[in-house]
Structures are given as C-alpha cells and as structure tokens.
Amino acid sequence: MNRPPLIHGADHDDWVARSRRAVWHPCTQMKHHERLPLIPVARGAGPWLYDQSGRRYLDGISSWWVNLFGHANPRINAALKDQLDTLEHAMLAGCTHRSAIELAERLSALTQHTLGHAFFASDGASAVEIALKMSFHTWRNRGHAGKREFICVAHGYHGETLGALGVTDVALFKDAYDPLIRQAHVVASPDARQAQEGEDAAAVAARALEDVRVLLEARSNSIAALIVEPLVQCAAGMAMHHPSYLTGLRALCDRYEVHLIADEIAVGCGRTGTFFACEQAGIWPDLLCLSKGISGGYLPLSLVLSRDDIFAAFYDDDTTRGFLHSHSYTGNPLACRAALATLDLFASDNVLAVNAEKSALLRTALAPLAVHPQVRNLRQCGTIFAFDAVLDDARHARTFSRRFFEHALSRELLLRPIGTTVYLMPPYILEPDELTWLAARTHESLDATLLEHC
Ligand SMILES: *Cc1c(COP(=O)(O)O)cnc(C)c1O
C-alpha cells in the first residue's frame, strides 16, 4: 500500500461516525464504509470542497454532475437570498409565480419555442416518470390507448424509481427489483467503443438504428415512446455516440409515430458543448427532461419540456383528460430562481464559447494518457472526459474504483470512477492552471492505483 495516511481531527472522525450511525447513504453498501472514508464536507467555495479537518478536494465530478458554476457562487447566492426574502414557496396548482413563469419562458426560447411548455418536478427520476406518463396519456387521449410500451437503449440510465427503472438497463441498480418492474424493450447501444474493424462511430450508430427500425417495424402500434440519453450515456460509464444516432432516431420516431424522449438530465445545460445535447444532431425531441445542472447544483429541480401538440392533447373540458400529476414542491420558487441565475450566467459570461476553450486545454493536458499502456478509449464530449483503465486481474478491476477514489483524495481530488472507467466532469469555472493540475493529479492517481499490485 502506498497511500499516504490521512490524519484527521477528532471532530472530523466524530462527524463520520455519527453519519455512519444515522444516515443511510445513497447508492452505497454501508458496510464498505468500515474501510472506505466518508468525507464530512464542511463547506464549499468555487470548485473546492473542504472537509471538517480543513482539507480541500477539487470537485472533479461536479458533486454528482449537478454543479456548474462552483460552490457558493456569489451571483447564484445573491439571487437566492433575494428570493428567500420574497417568496420561499407557493404551490403551483391554482397559483403561479414569477420565477416559474420566467424559467418556463426562457427554456422554451432556448428551444426556439419548439418545446413550448414546461412541467415542473423535483428530481430527475420524477421528470422521467412524467415524460413516460405524458407520452402514454397523449396517445390515450388521441384514441391510441394500445400504445403503452417503451423502448430504451442498452446500458441506459434514467433514474431509480420503479417507472424509471423500467427504462433503465443497469443490472446493478435493477436486478433486485425485477419482479416489481414493467420492462421496456431494450435496443442496441450506439456506444462508439463497439466499433468493429473498419467501422467509425457513425457506422456503429447506423447499426444501432437498424435495431430500432426492426423493432418499430414489428411493434410500433404498441409503442408510446423511445427514451434516450443524447450523446453520452453517463451512468453507463460515459459511453459516447455519434450525433447521427439522434438524427436517425428522430426520423424513425416520426415515421413510426412514436414519441422521442430526450433525457438531458445529465447532458443538458451545456455539458456536451451546446446548451441541449440534441442541438448537435439538429433535432428536437417530443419531450425533454432536464434536472441536475439546471439549478446550478443548488436545489432539487427538474422539468419536462413538451411540444405544443402534446400539451394540446390534454387541453379539454374533461378533467380526466388533463395531466393530473403533481409533487408537493413542484416549481419551488427558490429552485426556479437558482435556475434563472444559472441561465443568467450562461448569457452574461459567454459560457459555451469559454467552455470550448477550456475543454481544448484539458484535452491537451490529458493527451499523454492516450499512450498509457493501461488506458483505452480516451474520449471527450464537451466538458465530459473519460478513459477506461485496463487491468488484467478481475479482482483488481473490481476494487479499482474504490482504490482510485482514495488515491485521488490523497491528492486533493474528488473523482469516483464507474467500474474501471475514470471520468472527469468538472464545474465550468476551472482556471487554466486548475485544469492542468486536474489532469496531472488524475494521471498520478491512476499510476498510483495501478502500481499497488505491481
Ligand atoms: C441522474 C440521472 C437521472 C435521475 O436523476 P435523479 O435526480 O438522480 O433522480 C435520470 N437520468 C439521467 C440521464 C441521469 O443522469
């Protein structure tokens, strides 16, 4: 073992012990925390998180892909303080408020008013549930109640409530609940890493599209919608595909009269280089789910943007033809205001153009990894970077993620590989010196993790 020991204050250890007793942590086998350190985060500033011992960690994964403009961002903070003193919450049934209205208008404008209506919820999984229900109910209201099945893409991830798990294809999260789940049709992934001899990413996409076509040809009368993570299947391990896959999906969904749902919960808000990932394919979906970065990583907020013809399918004198879905905190004013402040930052700071420059810099800084003997598939899409570590021993591969995490922590870096895939999804505010630092520390953490068993 060549991990430097971490020395903590008594206070630090006390918080960790209390958390392990009282808090049931998400996506975690709690017993692993007998060995694996929990980080008691005391405060955040910019890209840095500080623990109870005063140690700092660069938040290389934007706190689970939500933080865009750093922790305690002064401009988002100021907007929230103002909102807090004006209106903290009001229900969105029967009432409305300025922040929700402005947010719905501005997001619609960002789609050139193609997606004219915003339905609010609180987290990503609920947005997915809403999109699925909306699609089914639209067809039902139009007299096609038989369209009640969904298509999802292999290795796709859409959240972990029961409905969302039905369109998720990650065995680790799903298998235990199989008897409770209504399964969707799973089509081939367009993951560019599957390219065979002589194939490029576009050819892999074309192959995957053929799989969709065959299914739609046979079953489109029973199918309501296809759901896809545009450009990057993040939870699958940053699996990236060619934009022609999305263009092809749009054409197939039009031809077979099936809704296209774009889950931009992780890839939206500039992550892939454009505000919406779908823009790179020159298409709009029928329903688009947003969450994670939309509130700048401040508060739980999600939205489903829909085309006007979907909205129109519910507009009727009959109550039961309406979309009677709700959550208590739907359209929470604080969350909406954080989102407005986030959109303000995009507009005032020319974020997409600046991000393109920063991504080029990080790409150059990471380039040496491309020739590392134990690295495959160094890849990038916008501000998402990933590579796969190659380990010959299955046991070492199984523990790779946890070991890498600890090596990175000891180098002031917070990264959580997915299996043997190391990825960076940093906040947009990193300065050039921080970007090169991030690349160097990632490389060092990899070498330290690989060296452990040499
Ligand atoms: C995170 C994520 C979700 C689920 O969002 P939660 O807020 O965690 O429920 C759904 N889809 C994608 C693509 C995601 O990355």
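Reading the values: the criteria
- Residues numbered from 1 in each chain as written.
- Predicted model: local features only at pLDDT ≥ 70, side-chain atom pairs only at ≥ 80, totals over all residues.
- Heavy atoms only, no water.
- Helix = DSSP H or I, 4+ residues; strand = E, 2+ residues; numbered from the N terminus.
- Expected span 1.5 Å × (residues − 1).
- Buried < 20%, exposed > 50% of the residue type's maximum accessible area, 1.4 Å probe, protein only.
- Near = heavy atom within 4 Å.
- Polar contact = N/O pair within 3.5 Å; in protein donor to acceptor, adjacent residues only side chain to side chain.
- Areas by Shrake-Rupley, 256 points an atom, 1.4 Å probe, with all protein chains shown as cover.
- Nonpolar A, V, L, I, M, F, W, Y, C, P; charged D, E, K, R; others polar.
- Axes fitted to C-alpha atoms, helices over the stretch in contact; angles between N-to-C directions.
- Parallel < 35°, antiparallel > 145°, perpendicular 65-115°, else oblique.
- Left-handed = near helix turned anticlockwise from the far one by under 90°.
- Contact = heavy atoms within 4.5 Å.
- Phe/Tyr/Trp six-rings, centres within 6.5 Å; stacked < 30°, edge-to-face > 60°.
- Lys NZ or Arg CZ within 6 Å of the ring centre and 35° of its normal.
- Bend = angle between axes of the 7 residues up to and from the residue.
- Domains from an automatic or database assignment.
- Buried area = accessible area lost by both parts, 1.4 Å probe.
- Salt bridge = Lys/Arg side-chain N within 4 Å of Asp/Glu carboxyl O.

Caption draft 1: The arrangement of helix H14 (residues 432-451) in detail. Spanning 20 residues, H14 covers 29 Å between terminal C-alpha atoms, matching the ideal 28 Å at 1.5 Å per step. Here H14 has its buried residues at Glu434, Leu435, Trp437, Leu438, Ala439, Thr442, Ser445, Leu446, Ala448, Thr449 and Leu450.

Caption draft 2: Main features of the site of the ligand. The environment of the ligand is formed by Trp65, Asp123, Gly124, Ala125, Tyr157, His158, Gly159, Glu229, Asp263, Ile265, Ala266 and Lys292. In the model, an oxygen atom of the ligand is placed 2.8 Å from a nitrogen or oxygen of the glycine 124 main chain. Here lysine 292 contributes a side-chain N or O atom positioned 2.6 Å from an oxygen atom of the ligand. Calculation on the ligand without its partners gives an accessible area of 380 Å², and the protein chains cover 82% of this total. For the shell around the ligand, the class distribution of residues is five nonpolar, three polar and four charged.

Caption draft 3: Local environment of the packing of helix H13 (residues 394-409) against H14. Two elements in contact, H13 and H14, have axes separated by 9 Å at closest approach and are oriented at 130°. When the axes of H13 and H14 are compared, the pair comes out oblique. Considering the relative orientation of H13 and H14, their crossing is right-handed. When H13 is examined against H14, the residues Phe400, Arg403, Phe404, His407 and Ala408 are found in contact with a partner set consisting of Thr442, Ser445, Leu446, Ala448, Thr449 and Leu450.

Caption draft 4: Broad picture of the environment of arginine 140. Take arginine 140: it is sitting in helix H5 (residues 124-141). According to the relative accessible area criterion, arginine 140 is partly exposed, its value standing at 44%. Measuring from C-alpha to C-alpha, the distance between arginine 140 and alanine 313 comes to 9.2 Å, with 173 residues separating the pair along the chain.

Caption draft 5: Layout of the environment of serine 189. Residue position: serine 189 is located in the loop between strand S6 (185-187) and helix H8 (201-219). You can call serine 189 buried: its relative accessible area is 5%. Remark: the alpha-carbon pair of serine 189 and methionine 240, spanning 51 residues in sequence, is separated by 9.7 Å. Look past the residues within four positions of serine 189 in its chain and what remains in contact with it is Val153, Ala154, His155, Gln194, Ala208 and Gln233. Looking at serine 189, its side chain comes within polar contact range of the main-chain nitrogen of aspartate 191, at 3.1 Å.

Caption draft 6: Representation of the packing of aromatic side chains in the model. The final tally for this structure, using the stated rule, is 13 aromatic pairs. Centre to centre, the rings of tryptophan 65 and tyrosine 423 are 6.0 Å apart; their planes meet at 85°, and the pair counts as edge-to-face. With tryptophan 65 in helix H2 (residues 62-65) and tyrosine 423 in strand S16 (residues 421-424), this residue pair connects regions lying 358 residues apart in the sequence. Each member of the pair, tryptophan 65 as well as tyrosine 423, carries the same accessibility label: buried. Ring geometry for phenylalanine 276 versus tryptophan 284: centroids 5.6 Å apart, planes at 80°, classification edge-to-face. Put simply, the rings of Phe69, Phe275, Phe276, Trp284, Phe346 and Tyr428 pair up and form one aromatic cluster. Here arginine 56 stacks its cationic end above the ring of tryptophan 48, 3.7 Å away from the centre of that ring. Here arginine 142 stacks its cationic end above the ring of tryptophan 139, 5.4 Å away from the centre of that ring.

Caption draft 7: Region of interest: H13. If you check H13, its first and last C-alpha atoms are 24 Å apart, about what 16 residues at 1.5 Å a residue would give, namely 22 Å. A maximum bend of about 50° is found in H13 at phenylalanine 400. Those residues of H13 hidden inside the fold are in contact with strand S3 (56-59), strand S14 (384-389), strand S15 (413-414), S16 and H14. N-cap assignment for H13: the residue whose side-chain oxygen lies 2.7 Å from the backbone N of arginine 395 is aspartate 393.

Caption draft 8: Geometry of the domain arrangement of the protein chain. Assigned domains of the protein chain: these are domain 1 (12-72 + 350-452) and domain 2 (77-349). Listed per partner, the contact involves 31 residues of domain 1 and 29 residues of domain 2. Overall, the association of domain 1 and domain 2 removes approximately 2,400 Å² of surface from exposure, summing both partners, and the carbon and sulfur fraction of that is 66%. Viewed at the interface, domain 2 and domain 1 are joined by one salt bridge. A salt bridge links aspartate 388 to arginine 193, with the shortest nitrogen-to-oxygen separation between them at 3.1 Å. At the junction of domain 1 and domain 2, the tally comes to eleven residue pairs in polar contact (both at pLDDT 80 or more). If you list the elements that add at least two residues to the side of domain 1 that touches domain 2, you get H2, helix H12 (351-366), strand S13 (375-381), S14 and S16. For the side of domain 1 that touches domain 2, the leading source of residues is S13, giving four residues. For the side of domain 1 that touches domain 2, the class distribution of residues is 19 nonpolar, ten polar and two charged.

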